[in-house]
Structure formats: structure tokens, C-alpha cells
Amino acid sequence: MYTKLSRTAFAGLAAALLATAGLALPAQAANLRMAWSQDATGLDPHAQTAFSSLRLLELIYEPLVRNDTNLDVVPAIAESWEFSEDGLTLTFKLDPDAKFSDGATVTSEDVKASFERLLDEATGAAARSNFLSIASIDAPDPATVVFNLSQPDAPLLVAMASINAAVVPAKAIADGSVATTALGSGPFVLDSWEPNSREELSVNANWAGGDIAYDGITISVLPDETAILASLRAGQTDFALINDPLVATLVPNEPNLQLNAVPGLAYNVLQLNPSRSPMDNLQVRQAISCAVDRQDILDTALVGEGKVTGPLTMPAYASDPSTLFCYEQDIEKAKALMAEAGVDGFSAKVIAATGEPPVASAEAQVLQSQLAEIGINLEIELMELNVYVDRWLAGDFDMAVALNGGRTDPYPMYNRYFTKDGNLLKVSNFTDDEIDSLLQQGRVETDIAKRKEIFQQFEARLTELAPWIWLSTSNIYTAQLKTISGFESSATGTLFGLTKVTLGQ
Amino acid sequence: MNYLARRLVTFPLILLGVSLLVFFSIRMIPGDAITAMLGTEAGLLTPVQRQALAEYFGIDQPAVVQYGRWLWGVLQGDLGLSVTYGRPVLAIILERFPLTLELALLSMVIALSVGVPAGVLAATRGERPADVVVRILAMLGQSTPGFVVGLVIIYVLSVYFGFIPAMGSFASLWSDPLANLGQLIFPAVTLGFAFAASVTRISRASMLDVLSDDYIRTARAKGVPARSVVWHHALPNALIPVVTLSGVEFGYLLGGAVIVEQIFALPGLGRLTLDAIGQRDYALVQGCVLFIALNFLIVNLLVDLAYAALDPRIRLGAR
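Residues numbered from 1 in each chain as written. Chains lettered and ligands numbered in written order. Predicted model: local features only at pLDDT ≥ 70, side-chain atom pairs only at ≥ 80, totals over all residues. Heavy atoms only, no water.

A. Quick peek at the overall build of chain B. Looking only at helices and strands, one finds 13 helices and zero strands in chain B. Listed by position from the N terminus, the elements making up chain B come as α-α-α-α-α-α-α-α-α-α-α-α-α. Expressed along its principal axes, the backbone C-alpha trace of chain B runs to roughly 85 × 60 × 35 Å. A burial count over chain B gives 50% of its 319 residues as buried. In chain B, of all internal contacts separated by at least 6 residues, the share reaching a separation of at least 24 is 71%. Approximately 14,900 Å² of chain B is accessible, and the part contributed by carbon and sulfur atoms is 69%. A distance of 12 Å separates the average location of the 21 positive side-chain charges in chain B from that of its 19 negative side-chain charges. (Helix = DSSP H or I, 4+ residues; strand = E, 2+ residues; numbered from the N terminus. Buried < 20%, exposed > 50% of the residue type's maximum accessible area, 1.4 Å probe, protein only. Contact = heavy atoms within 4.5 Å. Areas by Shrake-Rupley, 256 points an atom, 1.4 Å probe, with all protein chains shown as cover. Lys, Arg positive; Asp, Glu negative; His and termini not counted. Charge placed at Lys NZ, Arg CZ, Asp CG, Glu CD.)

Okay, here's the thing in C-alpha cells:
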């Protein structure tokens, strides 16, 4: 009797297995099914900085201007803009068709209220530091906004292209609902959000940017990227974000899948701490720079996915890395520099975060073996991201393997670390008069050609002083079914290109 | 009954201890909700900005004050608000719990319906091929980590069958039982595999032990059929260690199966807790841990009660 019972149970289980394996879920033809492993962490466009949050919010909100795929500034809510002769006012004309998803027109009052919120310290907006030159904002008529600046600020316009400078409705600011409702003027409306599980977006019928060829996006959070790949392979996901280069390299093996890779603006870097001995010695830092084989790190730790870079990662300003100080590994020169410095090898600890980026510990290991060649004994301290961030912010490390965020303009990218009043000076522990002065010149110069010259000098000087050892950019990956067409990747990682996508069969 | 009452009285005390431990230990790990949200960008905040955010996240007061506030809420049935979800912690946990419970039950059904018969089979076939095969499989099951089994299942299904259980959007048992089973069966097999292996080993060992007892020899001498000796006379007594094991294992499963939930993208308690720790969502971590502890207490109580049912010689509460 007992045997019979368990046999029936077996049979039942087997049947259940077969039945579910045969289940084909009906495809929701008009929705783009997207997957990512890290969910957004919040909905306040002014406060959020996490990669996924920005990617989600870019689909819901719009800034005044945005970057196109070449990183040029193009219209979004504003249809045109103009700096005054003296560079002290910046005037925007708003697109009369721009509407929030509830149908209300986006007015200059909304823009004014949004920037005032961004500048209010109580908002806790990390991007606030990019907008400090704004002295006051005028809204002479509903379609015109005038920013009055305390000093010329060429990168301001670029900073305004970030979703951190999104325009939110003045009434949502007034009733305190910005963080909870996500009422924007972007291409999609957020219908529902279960954090760490899924998002449902539908097309915003009021969007001024044109028609979208499908009805909405369903975003699923699949925490394991191998599972994302499996889901794509099985045709259950149309489009996915991939972080792990190892998973990305597997995508092209699949006949029905396509990998989109674009070098991102973020950079992998070995941060030295020049406030600690012997990294306070210029020759020691230069020796480290010469001892490092950047291409080797890229090939081994990042499985060749990305490219060697100097401090400036944006194509418009980046120099050819081979022109920078010691970008070819030169062990002899490194040893000579160490000898000149009178340092006969030393031990140091390098901090790295587990899983953020996924390649951090691999990078640390390759660096460990490369630096061993000139007598530097690296001890790797791997720690959870939050712990790492605390240590990093306090500048409490000898060296740190980091993946630091990039910007489309050099000034906001580095003023925080390397100007004398930079608010992350504690992290870099490094100042230099010439670097400081070059950054200030770059800030006020509006002539593009002159700016390029200034920042090339900045980049050359910075790599020669070697407070940090810039290594490589990582690729930003998306993977998709080949039936999907029209997606354009961008170095900023934005998914705005999804608005041009068509779903095939 | 007296025993039951005595056990129930200890529950609040244990839970209080657990809450103290989790409350202060999570605050001892570096980082807070602000660095969890902003990462390295948190360094760009001015002190005023930081203070404003600390107020928003409710972490501006000293920990002791926070604990008092929180405990007062708990006594009134309010586990607090999750900063990630902006909703009451209890509501979120109760939303996630059915899945975790279902997965735990399903894994247990698989483990027991495979493990116990396999263990009995091995015990009655001492050292013959069937025994050896079962023992090898059990060893394999116990020593293969769950994530390997899970990934292999996903790989095999997606590469050879072009199918994987729908992930991300979870169908509840009530709304769509078939889709629900489709999503849970493979995770349950993954969890059940290791669980079944332990059950097999324990039931085999325990069965061998019981089969050498005098009363079994007596039963055999009196001519009771071999099958009846095994299933009716020996098995009930051999089950006690299996019940203990299952109780402990079930308790763990009710705490959520973090890795399997992660791989199969199931919104269960394990992932909820893990994500909450990562995001330093203190109220949610506290709520989850408290809830998991309560589950453990209840399961343990049930296990004790089951002993008495299986073996009348065990009198609960006897000193």
C-alpha cells in the first residue's frame, strides 16, 4: 500500500514535469519584454544615481536637452537654447508640444521649480554640484526659461542633458509626490513597479517625440545573468542589459541573438593614495604606471571587452592613449624610477568591491602579479559594495580598484576630484596647481577647439603625475533577439534608443 | 497542553532577543541607506543634504531611540515602512510568503517522496547494487551545490528544449495554478534534490538501525511478511530522525532559498531579505528576520508535537 502510494506520487510528479515543460506561454506581441539583473532603486530623478534607476527614469522623464548617440546635445523639452555673449545667461525656448503624461503642457514654471528643487539641499541631489553656477531662474513667459549664472559655465548645458536634471511637474513638487508617482513627459508611463521584481511601462500617448511602434515595455528583474541569457535563448525575453563581460561574450554564439556593445564613459582605474607613503613620491607613482600592462589587464580581466583609455573617455576629448605617459609597459623604466625614488619594493593593500564591477577582483589579481615584478607586494582586500563605498569616500585605502562614472564633459567628470575645492578631494588626496588651473580654464572657455586643447594638456599632465593609473573603459552591453530592430546604443548607456525599436515576428 | 502553553510563552522572549540582535547588528555593518542608494556619489552630498536624506530614511536618531520607536510599533502590529518599497513591511512580507511556503512544501514533498522510499530500499538491500546506487546518488545530491543544479537545469532546458520557466513575472497559485506550478517545479526539484539526498541517507541509516532491533526479529520469527515488517513495523520508528531533519530543513526553506530564488528570479522571502540587506532597508530586514524566526519557532514546535504522535513513549514536557 505504501509502495503504491509513493509510486502514484512519482507518476504525478513526472506528469507535472512533462505538462509544464510543454507549456508555451502565449507571446504578448505588442510589448517589449526586457530583462536586467539590477533593478532601479527609486523614482526620484533628482536623487537617484544608480545605473538602472537612470535607465528607467530616462524612459519616463525628459531633461531640457539630451545627448544623441554621438553625445552631441540635441533638443528634448527645449527646442532651442542660447548662451549670451558674456556667457552669464542661458535662455531656453520650450517645445510647445511637450506634455506630461497626464496631458498638461510643460511650462517654464515646471522647469524653474525643477531646478530650484534640484538646487535645494534638502532634496539630497548628488548632481546638485554641477548646477551651482545657477544664480537665479526667470520664467518670462510659459515657453521661455532664462538661467542667470554667477560665472560662465560651459559644461552646464551638458550637465542639463542628464536625467538627473529632469523636468518634473511643479505641482508634483508642491505636493511632494515626485519620489512616488513618476509623472514625466518622456516616451513611456510607469504603470506599475514591484521593486526587485518587475516594471510595467506603457507608451505615453502625449509624448512629443513621435510615435512608438509598440505598446509598452515589461521589465523583469532576473538577478542571475546566466538566467537572462537562458531567457533570451528561449525567446522569452526580447531585450536585456548585460553587465558581466563573460556572459556578454557568450551571446554571439547564439544564432537567434545579437549583442550590442559600445565603449562606455565609465573607466576602470587603479587609484593610488598620494597622501600615503610611498605613493606620495611622484617617481613611485610613475613607476607603477610604467609597470602596469593595461592591454594585458583588459585582455585577462575583462576578456578583451573594452579599450585602453586615458582619463578622458568621451570621444570628443579623448587623446590617443599611446601618446600618454608610459602607456606601453616598460619594466626597465619602472625599476629605474623605483631606484631613483630610493624605494626598494614595498607592501600595500588594494581595496576592491565584490561584484561591482564584476571584473574588480580579476583586475586586482592581474595588477598584483604585474606590480610584483617591480617588488611591490599587493594585498587584495575584497569587500561588499557598501563597505567599499564607505572606505572609498573616506579615502581610507593605499590603493583602490574602482569603476568610476564618466560624463560627457571633462569638467564635471574631474572637478570633483582634482580641483582645490572639489568635493571628492578626500578620495583623490591630490592637488596640483596646473591641473586646477586647466580645469578652471576649461570650465569658462566656450570655444570648442580651445576647450579641446585645454583638456588635452590636462590629460597629459594628469597621466604624467599619475595620482591614479587609468586602465580601460568597459563596454556597455545590451543583448536582443534578432527579430528586434532599430535599437541604437549610446556610450551613456541610455535606453532611449528603445523608442525607435520595432518588434518583428 | 501545559507543554504547549509553556512553549508559547517563550516565543515573545526569543523574538525579542532576535530583534535586538538583528537591529543592532545590521547597524554595525558599514554603509547606510544613503550610500546604498547613491554609491560613491554620496560623497558629493553636503552635510545639510545628508541630514535631509537621513531624516527621510529615518536614520537621523540614535539607534536606541530608533529601536524603541520600532518596538513600540511592533507591539501595535506595525513592523514599519520599507524605504525601498514605500509600503508597510508586513504587507510586503505577506505578499512574498505564499511563494516561499509553496516552494518549501513542494520541495519537501519531492524530498520525502523520493528520499524515504530510496532510503528504505537501500536499507533492505544492504550492500547490494541497489544500495550502492542509492548511496552514490545521495552522496552526489548532498555534495552538489544548489546553484550548480539550478544552472544545469536552466541550461539543459533552454539549450535542448528551447524552454525555461517564465521568469520575472510570477503567477500566483490562485490566479493561474498551472503557470504557477510551471514556475515552481524546477526550483523545487533543485531544492528537493539536496534535501532528498539527506532524507535518503538518514532514513537508510535509521532503518538499518531499527531493522536490527529485537522486536523486528520477533516479528519476522512470527512469520509476518517481509514487506509488512519493513513498512508497518520498522518504518514508523525509523521516521523520527527523518522528522527532525525535515523540520530543520523546512524551517530553513521558510526563510527563503536565496540562491535558488536568485537563479530562477522568484520573488520569495530569501531574495527580499538579501535585497533589503544590500539596500540597507533596515525596517524590512528586521521584519523579515523576525518573521523567519517566528516560522522556525512554529516549525520546531510542530516537530516536537510530531514526535509524540509517532512514538507514544515520548511524553512532552516530562522532566
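Back to the write-up after that little detour.
B. Focus on the overall build of chain A. Helix and strand counts for chain A stand at 17 helices and 19 strands. Relative to a compact globule of 505 residues, whose C-alpha radius of gyration would be 23 Å, chain A shows 25 Å and is just as compact. For chain A, buried positions account for 57% of its 505 residues. For chain A, long-range pairs separated by at least 24 residues make up 69% of all intrachain contacts whose partners lie at least 6 apart in sequence. As displayed, chain A has an accessible area near 19,100 Å², and 50% of this comes from carbon and sulfur atoms. For chain A, the separation between the mean place of its 32 positive charges and that of its 65 negative charges on side chains is 4 Å. (Rg over C-alpha atoms; globule rule 2.2 N^0.38 Å.)

C. Geometry of the side chain of T123 of chain A. Relative to the elements of secondary structure, T123 of chain A occurs in the loop between α3 (108-119) and β6 (134-141). Residue classification places T123 of chain A among the buried residues on the basis of a relative accessible area of 11%. For T123 of chain A, the residues in contact, after removing those within four places along its chain, are H46, A47 and R117 of chain A together with L53 of chain B.

D. Looking closely at the packing of helix α16 (residues 433-444) of chain A against helix α17 (residues 448-465) of chain A. Residues and elements named next belong to chain A. At their nearest, the axes of α16 and α17 sit 9 Å apart, and the two run at 160° to each other. The orientation of α16 with respect to α17, classified from their angle, is roughly antiparallel. Seen along the crossing, α16 lies across α17 with a hand that is left-handed. On α17, the residues that touch E434, I435, L438, L439, Q441 and G442 of α16 are R451, I454, F455, Q457, F458, R461, L462 and L465. Tallied by class, residues from the contact of α16 with α17 come to eight nonpolar, three polar and three charged. (Axes fitted to C-alpha atoms, helices over the stretch in contact; angles between N-to-C directions. Parallel < 35°, antiparallel > 145°, perpendicular 65-115°, else oblique. Left-handed = near helix turned anticlockwise from the far one by under 90°. Nonpolar A, V, L, I, M, F, W, Y, C, P; charged D, E, K, R; others polar.)

E. Broad picture of the domain arrangement of chain B. Residue and element names in this part refer to chain B. Looking at the assigned domains, one finds that chain B contains domain 1 (2-75) and domain 2 (96-310). Taken over C-alpha atoms, the centre of domain 1 sits 33 Å from the centre of domain 2. Each partner contributes to the interface: domain 1 provides 21 residues, whereas domain 2 provides 16 residues. Between domain 1 and domain 2 lies a buried interface of about 1,800 Å² when both sides are counted; carbon and sulfur atoms form 77% of it. Its largest share of buried area at the contact with domain 2, domain 1 owes to F11, L15 and I26, together 29% of the area lost on that side. Where domain 1 touches domain 2, the interface holds one salt bridge. Notably, a salt bridge pairs D304 with R7, separated by 2.4 Å at the nearest N-O pair. (Domains from an automatic or database assignment. Buried area = accessible area lost by both parts, 1.4 Å probe. Salt bridge = Lys/Arg side-chain N within 4 Å of Asp/Glu carboxyl O.)

F. Layout of the interface of chain A and chain B. Taken together, the contacts link 52 residues of chain A with 57 residues of chain B. In total, chain A and chain B occlude about 4,700 Å² of area from one another, counting both sides; carbon and sulfur atoms represent 64% of this. Our count for the contact surface shared by chain A and chain B stands at three salt bridges. A salt bridge links E384 of chain A to R280 of chain B, with the shortest nitrogen-to-oxygen separation between them at 2.9 Å. At the boundary of chain A and chain B, one finds twelve residue pairs in polar contact (both at pLDDT 80 or more). When contributions to the side of chain A that touches chain B are tallied by element, the ones reaching two or more residues are α1 (2-21), β10 (216-221), α7 (225-233) and α13 (385-393) of chain A. (Polar contact = N/O pair within 3.5 Å; in protein donor to acceptor, adjacent residues only side chain to side chain.)

G. Summary view of helix α6 (residues 129-143) of chain B. Residues and elements named next belong to chain B. In a regular helix each residue adds 1.5 Å, so 15 residues correspond to 21 Å; α6 covers 21 Å between its end C-alpha atoms and thus fits that length. Within α6, the full set of buried residues consists of D131, V134, A138 and G141. End-on view of α6: buried residues confined to an arc of 95°, all on one side of the axis. Those residues of α6 that are exposed and angled more than 90 degrees off the buried face are P129, I136 and S143. (Expected span 1.5 Å × (residues − 1). Arc of directions from axis to C-beta.)

H. The sheet that holds strand β4 (residues 78-83) of chain A, seen in detail. All names here are of chain A. The sheet built from four strands is open, its strands ordered β4-β5-β7-β6 with antiparallel pairing. Edge positions in the sheet fall to β4 and β6, since each has one partner strand and no second. The sheet shows a mean angle of 20° between the axes of neighbouring strands, taken without regard to direction. Of the strand pairs in this sheet, β4 and strand β5 (residues 89-94) are connected by five bridges, and their pairing is antiparallel. Paired with A78 across the bridge in β5 is L94. Strand contacts of α3: β5, β6 and β7 (144-149), with the helix running at about 165° to β6, the strand carrying the most contacts. (Pairing = 2+ DSSP bridges.)

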